[in-house]
Amino acid sequence: MSQTQLQSPPPPPEPRPVTPSLHPSIFPIPLPSELILLILSHLSQETKALILPLVSRPWRDLLYNTPELWHQLTIYNAHAFVHHPNPIRFSRVTLLDARASSCSDDDLAEALTRRALGTHLTDLDLSVCRALSNKSILLLGKHCPRLSRLTMEGCNSFTDISPLSTLPLTTLDLAYCESLSSSSVDLLARSSLNNTLTKLDLNGCYHISHSALTTIADRLHTLQFLSIDGQGIGDRPVIYLFSRLRNLQTFSISFANDLTDSTLKHIAPILPRSLTHLRLRKGVLLSSVAFGAFFADLAARDHSFTRLDLSECAQLDDVALASFRFPMLRYLNIEWCWNVTDIGLDRILFASSPGLVALYCSGLNDITLTPLVASAGRTASSGTASGPVTTIATPSPPAADPSLPHLRALKLETCRMVETDTIRRVSVSNPRCFVVDYYGEVVRGGKKVGLLVKEEVWTEGGVRSVVPEEEEVEPEGMEEKEKKAKEKDKHDPFVAAVLALVSAGAGVAVGPARSAGGVAPGAGGAGAGAEAQGATSAYGNATEQTLAPKRRKQRKPKMVVVPREYLGRLAGFFDNL
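Residues numbered from 1 in each chain as written. Predicted model: local features only at pLDDT ≥ 70, side-chain atom pairs only at ≥ 80, totals over all residues. Heavy atoms only, no water.

Considerations on the environment of Leu147
Then comes step 1: Here Leu147 is to be found in the loop between helix H7 (134–143) and strand E4 (149–151).
Then comes step 2: With 53 residues separating them along the chain, Leu147 and Thr94 place their C-alpha atoms 8.7 Å apart.
Then comes step 3: Discounting residues that sit within four places of it in the chain, Leu147 has contacts with Leu121, Thr122, Asp123, Leu124, Leu167, Pro168 and Leu169. (Helix = DSSP H or I, 4+ residues; strand = E, 2+ residues; numbered from the N terminus. Contact = heavy atoms within 4.5 Å.)

Description of helix H4 (residues 57–64)
Then comes step 1: For H4, the buried fraction is high: seven of the eight residues fall into the buried class.
Then comes step 2: Within H4, the full set of buried residues consists of Pro58, Trp59, Arg60, Asp61, Leu62, Leu63 and Tyr64. (Buried < 20%, exposed > 50% of the residue type's maximum accessible area, 1.4 Å probe, protein only.)

Some points on the pairing of strand E16 (residues 447–451)
Then comes step 1: In the sheet, strand E15 (residues 441–444) pairs with E16 via four bridges, with the strands oriented antiparallel. Directly across from Arg444, in E16, lies its bridge partner Lys447.
Then comes step 2: What sits between the antiparallel neighbours E15 and E16 is a turn of two residues, in which Gly445 has the positive phi angle 60°. (Pairing = 2+ DSSP bridges.)

With respect to a nonpolar patch on the surface
Then comes step 1: Taken together, Leu35, Leu38 and Ile39 make up a surface patch of nonpolar side chains, about 240 Å² in accessible area.
Then comes step 2: Within the secondary structure, Leu35 sits in helix H2 (residues 33–40).
Then comes step 3: When its relative accessible area of 36% is taken as the criterion, Leu35 is described as partly exposed. (Patch = residues over 30% accessible without salt bridge, like charges linked within 9 Å, V, L, I, M, F, W, Y side chains within 5 Å. Areas by Shrake-Rupley, 256 points an atom, 1.4 Å probe, with all protein chains shown as cover. Salt bridge = Lys/Arg side-chain N within 4 Å of Asp/Glu carboxyl O.)

Considering the packing of aromatic side chains
Then comes step 1: What the rule picks out here adds up to 11 aromatic pairs.
Then comes step 2: Seen in terms of ring centroids, Trp70 and Phe90 are 5.8 Å apart; in terms of plane orientation they differ by 85°. Their pairing is edge-to-face. Taken as a pair, Trp70 in the loop between H4 and strand E1 (72–74) and Phe90 in the loop between helix H5 (78–82) and strand E2 (95–97) lie far apart in primary sequence, 20 residues in all. As far as burial versus exposure is concerned, Trp70 and Phe90 are alike and both buried.
Then comes step 3: A ring pair is formed by Phe295 and Phe324, whose centres lie 5.1 Å apart and whose planes are at 80°; its orientation type is edge-to-face. Placement of the pair is Phe295 in helix H12 (residues 288–300) and Phe324 in the loop between helix H13 (318–321) and strand E11 (331–333), with a sequence separation of 29 residues.
Then comes step 4: Classification of Phe324 as buried rests on a relative accessible area of 1%.
Then comes step 5: Members of the aromatic cluster, each reached through a chain of ring pairs, are Phe291, Phe294, Phe295, Phe305, Phe324 and Phe326.
Then comes step 6: The aromatic ring of Phe225 is capped on one face by Lys199, whose charged end is 4.7 Å from the ring centroid. (Phe/Tyr/Trp six-rings, centres within 6.5 Å; stacked < 30°, edge-to-face > 60°. Lys NZ or Arg CZ within 6 Å of the ring centre and 35° of its normal.)

Considerations on the pairing of strand E9 (residues 277–280)
Then comes step 1: Residues His277 and Arg279 line one face of E9 and the alternating positions Leu278 and Leu280 line the opposite face, and both faces are buried.
Then comes step 2: Looking at chain direction, strand E8 (residues 250–254) and E9 are connected through four bridges and run parallel. Residue pairing for E9: Ser252 is matched across the bridge by Arg279.
Then comes step 3: Between the parallel elements E8 and E9, the chain passes through helix H11 (residues 261–267) in a crossover that is right-handed.
Then comes step 4: Note: E9 against strand E10 (residues 307–309), three bridges, orientation parallel. Pairing of Arg279 across the sheet is with Asp309, part of E10. (Right-handed = clockwise from strand over helix to strand, strands pointing away.)

Quick look at the side chain of Thr250
Then comes step 1: Tracing the backbone through its elements, the reader meets Thr250 in strand E8.
Then comes step 2: Reaching out from Thr250, the side chain makes a polar contact with the side chain of His277 at a distance of 2.8 Å. (Polar contact = N/O pair within 3.5 Å; in protein donor to acceptor, adjacent residues only side chain to side chain.)

Focus on the packing of helix H6 (residues 105–114) against H7
Then comes step 1: Relative to each other, H6 and H7 sit at 10°, their axes nearing to 9 Å. Judged by the inter-axis angle, H6 sits roughly parallel to H7. Note that H6 runs across H7; the crossing there is left-handed. Only Lys135, Ser136, Leu139, Leu140 and His143 of H7 make contact with H6, whose side of the interface consists of Asp105, Asp106, Leu108, Ala109, Leu112 and Thr113.
Then comes step 2: For the contact of H6 with H7, the class distribution of residues is five nonpolar, three polar and three charged. (Axes fitted to C-alpha atoms, helices over the stretch in contact; angles between N-to-C directions. Parallel < 35°, antiparallel > 145°, perpendicular 65-115°, else oblique. Left-handed = near helix turned anticlockwise from the far one by under 90°. Nonpolar A, V, L, I, M, F, W, Y, C, P; charged D, E, K, R; others polar.)

Considerations on the packing of helix H8 (residues 182–189) against helix H9 (residues 210–219)
Between two packed helices, both the angle of their axes relative to each other and the distance between the axes serve to describe the pair.
Then comes step 1: Remark: H8 packs on H9, axes separated minimally by 9 Å, with the N-to-C direction vectors making an angle of 10°. Between H8 and H9, the crossing angle belongs to the class labelled roughly parallel. Residues Ser182, Val185, Asp186 and Ala189 of H8 touch H9, and the partners they reach there are Ser211, Ala212, Thr215, Ile216 and Arg219.
Then comes step 2: Here the contact of H8 with H9 is built from residues that sort into four nonpolar, three polar and two charged.

Quick notes on unusual backbone geometry
Then comes step 1: Unusually for a residue other than glycine, Lys282 sits at a positive phi of about 60°.
Then comes step 2: Summarising the element assignment, Lys282 is placed in the loop between E9 and H12.
Then comes step 3: In this structure, Leu369 takes a positive phi of about 70° despite not being glycine.
Then comes step 4: Tracing the backbone shows Leu369 in the loop between strand E12 (358–360) and helix H15 (370–382).
Then comes step 5: Its relative accessible area of 1% is what places Leu369 among the buried residues.

Here's the deal with the environment of Pro269
Then comes step 1: By secondary structure assignment, the location of Pro269 is in the loop between H11 and E9.
Then comes step 2: In this structure Pro269 comes out as exposed when scored by relative accessible area, which is 52%.

Quick look at the pattern of salt bridges
Then comes step 1: Scanning the entire structure with this criterion turns up 15 salt bridges.
Then comes step 2: A salt bridge links Glu110 to Arg115; the shortest N-O distance between them is 3.7 Å.
Then comes step 3: Glu110 sits in the buried class, given a relative accessible area of 13%.
Then comes step 4: The residue Glu312 makes a salt bridge to Arg281 at a minimum N-O spacing of 3.0 Å. Within this pair, whereas Glu312 is found in the loop between E10 and H13, its partner Arg281 is found in the loop between E9 and H12, the two being separated by 31 residues in sequence.
Then comes step 5: A cluster of three or more residues bridged by salt bridges with shared partners is formed by Glu110, Arg114 and Arg115.

Limitation: the analysis is restricted to geometry and does not speak to function.
Given below as structure tokens:
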């Protein structure tokens, strides 16, 4: 045997089935393989990929050679993932999150054709992978026979989605796929998806025509969630959608510039009883009279929303809100509705929707929050929670502090008439509520606990991108993915962090998540030892880093940072829109 052959490294071990006798040293007592898999399945991906393999060879063999432990997978580098040296390990993936992983057509072809990754795949997220073209859509339609949930938000290079018509899709998210053609949406709606599809997101797809929306209304009767871009969309298709889609629970239209009073007049009597989430953003032509009649008609039908977004409907005012009566409302967005004053705010908070969890009022220049304090004083003295708005004549003795036990988020950015002392009193009386003042500073319990970072792009899904000083730039969408991976097993770490630091007198900046990302290769604990070092050599820990977030250079923070989208997540609204 030659010297070269003696020095060549041994090949990686072949995947072996899991049996109780194969790994007797994993637990102090022998356990059936099924129970072992059940225990390990509750651990996070980074723990299984980077920490547990360092414990010993049996641990390494179990984790690296058991596809049952990798049903759900999040990847950060698509090219490195598809060239992983042990593809059998991921042969049974059912949920793949490849958001912002720079996945290309070639990467997807390698994964779906040569590695047959799509055989068991039911849930796939390829958002913000902007290099994907029509070739990838063809691959998905051909090689993913079980795919039921597909998210391709922000993939703006493909134009035709009709090949997806052969799949048993229930959820299809194509938000901000700006190149998407209206004809392909029409063909998709005419396919067999009319029996399965329940969620369709076309927000930001501004090429969708009236005829395509008509086909959606006629064919996709199972839809429960529909989001469309309002550019160029008039009254007739929107009214027709409501008349045909009787199972809708959520309807969203952004940039509703072309909708007129006719829409509100005709949809009020035909809104499905199941519709609890409604978004009519930027309806600049919708008048106060039409809004008042719309609210009155819904109140007469006893129809109540849970979430309502009327932001940038410039003609909405106190007169229209006099008919506002939605006792089940939990989230309300009336940002930049300039004609709303304290009278309308008093009506919303105390007469119409006292159970509000989140109220967004940014840009309301004439509100002062005086009704919050005055109404609390009236409640303490006479038990009345409504009536004419009064003001506090003298600061001493102060009126009873306003208490809104359900409120968790109150956004008042650029509300120039709201006094600092009023914000302090409201936050003290509602210690669980985050109040955002004129400058974006976050107040809780009477103390400033942070500042909303202005460089963030704040959308329905949360923080999309941020370029912090002295940090490396990451692809859009990476922040949400890191937060999900790092905080998977924790109940509500953001609240815990804020409470702990506020009680200690420290500042908390409400901004993007700043986790260090990844796990150090040597973080296996005291029991790792020499055997653990040998355990990582077969595959090399570098390949496992493709399953962990990329490490980033980061200065030592002066304040702990809490994700900014927390304010919206409290209301639960951003989970659905």
